[in-house]
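Topology and contacts: notes
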Amino acid sequence: VTVYIQHIMDFNPVEDSSIGVQVICSSTVPEGYVIRELFGLVDELLVQPDPERNWQDNFRTSRSSNDARQLLLLTMDGKLRRQIGRKVTDLGGNVLLAYQTNLDFEDDFIIGRGRGTAARVEPVADNE
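Attention here is on the structure that accompanies the text. (Residues numbered from 1 in each chain as written. Predicted model: local features only at pLDDT ≥ 70, side-chain atom pairs only at ≥ 80, totals over all residues. Heavy atoms only, no water.)

To continue, consider the nonpolar core. Formed by 13 residues in total, the largest nonpolar core has its most connected members in Val 42, Met 76, Ile 84, Val 88, Leu 96, Tyr 99 and Ile 110. At the level of secondary structure, the elements contributing two or more residues to this core comprise strand S2 (33–49), helix H1 (62–91), strand S3 (95–106) and strand S4 (109–123). Counting residues per element, this core draws most heavily on H1, at six residues. The contacts of Val 42, once residues within four sequence positions are left out, are Ile 84, Lys 87, Val 88, Leu 91, Leu 96, Gly 114, Arg 115, Gly 116 and Ala 118. If you look at the next biggest cluster of nonpolar residues, it comprises five residues, including Ile 24, Leu 97, Ala 119 and Val 121. (Core = buried A, V, L, I, M, F, W, Y, C linked by side-chain atoms within 4.5 Å. Buried < 20%, exposed > 50% of the residue type's maximum accessible area, 1.4 Å probe, protein only. Helix = DSSP H or I, 4+ residues; strand = E, 2+ residues; numbered from the N terminus. Contact = heavy atoms within 4.5 Å.)

Bringing the sheet that holds S4 into the picture now. Hydrogen bonds along the backbone pair up the strands of a sheet, which may run parallel or antiparallel. Ordered in space as S1-S3-S4-S2, the four strands form an open sheet in which the pairing is mixed. The outermost strands of the open sheet, each flanked by one partner alone, are strand S1 (22–23) and S2. Examined bridge by bridge, S2 and S4 share 15 bridges and lie antiparallel to one another. The residue of S4 that forms the bridge with Tyr 33 is Pro 123. (Pairing = 2+ DSSP bridges.)

Quick look at the side chain of Asp 50 now. By secondary structure assignment, the location of Asp 50 is in the loop between S2 and H1. Only 2.4 Å separates the side chain of Asp 50 from the side chain of Arg 69, close enough to count as a polar contact. Ignoring any residue separated from it by four or fewer positions in sequence, one finds Asp 50 in contact with Arg 69, Phe 105, Asp 108, Phe 109 and Ile 110. (Polar contact = N/O pair within 3.5 Å; in protein donor to acceptor, adjacent residues only side chain to side chain.)

Take the pairing of S3 next. Relative to S3, S1 runs parallel, the two sharing two bridges. By the bridge assignment, Val 23 is partnered in S3 with Leu 96. In the sheet, S3 pairs with S4 via 10 bridges, with the strands oriented antiparallel. In the sheet register, Asp 104 faces S4, and the bridge partner there is Ile 111. The loop that links S3 with its antiparallel partner S4 comprises two residues; one of these, Asp 107, has a positive phi angle of about 55°.

Here is the structure:
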């Protein structure tokens, strides 16, 4: 007897995604593309408690505490990109130019700031 169970979720797993948004750290558009519309500055701020400042840190090894912090930094960076990318798509853009991320350690918190310029770019047509 074989039983298969399929779980159907009540939410869209890609609802928070920013599929289709290119994140470019440079302020120039790649060759072969032209800016059709600039929407302006988009930014995001995240605040998370620092795992190395947690009371449980007294019981953890320094390696596991550092691993927890590194994982948090990685997830914060990804979340910043997704949230800013979502703002770009809400504005009607498809590219984030001059993207910058800052991760600051302040007191018992890690503060992530991301910013860039939302734009809509298209490939250059042959007649342009």
